[in-house]
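Descriptive structure summary
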Amino acid sequence: MFYFAQEAIIPMRAEAAESAEMVSQLVFGEFCEVLEDQGSWWRVRLLVDGYEGWVNPRMLWPVGSTFEPGWKQRRFVLGGNLILADGSSLRLPIGTEIPHTGSEDSLSLGEKNWRYAPDLQLLEPQAPEELITLAGHYLNIPYVWGGRSGFGIDCSGFTQRLFAMCGMAIPRDSSKQALEGEKVEIGSQKAGDLAFFSKNPGGSVSHVGLLASESEIIHASGRVKRDPFCPEGIRSRDHDTLTHYLISIRRWF
């Protein structure tokens, strides 16, 4: 059975409990399938990236057992609201995917209908060359472990959402993102490459950021921000210290 995320964000937890770690999120407009039903908690798989976690089923809307989401027909939110059936507003975070169901002023799925508020800004999928411009819209959004939205985001959620807005699907976690794309030698990097880091020299991949140029990176650490990038890693603009140690650089376009 397939379901639609009808809330702005839905926490995906490691276990079936409110106190469990949030490992990721569903964002409004995304679809998932139910893998396990424990009544007040469902274990679901997100269709866009295969990520699994436990969610509150009251935040989902059923769309059928043979539903085809049609991922190519989508637009992305830069900001704004949807109007619900009771007339109240639902604020959507930047990067939210809106399935294009044919209407220019509303979204309908079965019995569910949302009207676009006048302030809703929608963007068609962008060319990869627009990654840096898109990243600028995320600046100063706070870091949230497991976050995938403009209300709070982690490092790999940030890069995943940016690439999605340019029509490219990459994995959810930085360790898996680091296995894809084309390897780039240090010194040959350019804007749009992803760089991967560890917190300690010789460690494993635990952080990712988008290169804004050969010597600057945009990444989510405390907040989404720009920092100097060097062959050793990321140097904090605020404290002039090396905060992340470079492991590799990968390129998708």
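Just so we're clear, the structure is a prediction, and the values are computed from it rather than from any experiment. (Residues numbered from 1 in each chain as written. Predicted model: local features only at pLDDT ≥ 70, side-chain atom pairs only at ≥ 80, totals over all residues. Heavy atoms only, no water.)

Let's shift gears to the layout of surface pockets. Once rolled over the atoms, a probe with the size of a water molecule shows which space is left empty. Quantified by volume, the largest pocket comes out at close to 320 Å³. If you go around the largest pocket, you meet 18 residues; those closest to its centre are Tyr-143, Trp-145, Asp-154, Cys-155 and Ser-206. Contributing elements (two or more residues each) for the lining of the largest pocket: α2 (155-165) and β20 (216-221). Taken together, the residues that form the lining of the largest pocket break down as six nonpolar, seven polar and five charged. Considering only enclosed or pocket space, the second largest pocket measures out at about 160 Å³ in volume. For the second largest pocket, the lining is made up of 14 residues, of which Val-48, Arg-74, Glu-97, Ala-164 and Ala-169 are closest to its centre. When residues of the lining of the second largest pocket are assigned to their parent elements, the largest contribution, three residues, is made by α2. Counted by class, the lining of the second largest pocket contains seven nonpolar, two polar and five charged residues. (1 Å grid on protein atoms, 1.4 Å probe; cavity = no way out; pocket = protein on both sides within 12 Å on 5 of 7 lines; lining within 4 Å. Points joined across faces, edges and corners; volume = space filled by probe spheres on them. Helix = DSSP H or I, 4+ residues; strand = E, 2+ residues; numbered from the N terminus. Nonpolar A, V, L, I, M, F, W, Y, C, P; charged D, E, K, R; others polar.)

Ranked by internal contacts, the top residues of the largest apolar core, which has 28 residues, are Tyr-138, Phe-158, Leu-162, Leu-210 and Val-224. Of all elements in the fold, only α1 (131-136), α2, β18 (194-198), β19 (207-213) and β20 reach the threshold of two or more residues within this core. Looking at which element gives the most residues to this core, the answer is α2, with six residues. Membership of the second largest hydrophobic core comes to 16 residues, among which are Ala-8, Phe-28, Leu-92 and Leu-107. (Core = buried A, V, L, I, M, F, W, Y, C linked by side-chain atoms within 4.5 Å. Buried < 20%, exposed > 50% of the residue type's maximum accessible area, 1.4 Å probe, protein only.)

Both faces of the sheet carry side chains from a regular strand, because those side chains alternate between them. Taken across its six residues, β20 has five buried, putting it largely inside the fold. Pairing geometry for β19 and β20, over three bridges, is antiparallel. What sits directly across from Leu-210, in β20, is Ile-218. The hairpin formed by β19 and β20 contains two residues between the paired strands. Bridge count for β20 against strand β21 (residues 223-230) is six bridges, and the pairing is antiparallel. The residue bridging Ala-220 from the neighbouring strand is Val-224, located in β21. Connecting the antiparallel pair β20 and β21 is a turn made up of one residue, with Gly-222 showing a positive phi of about 85°. (Pairing = 2+ DSSP bridges.)

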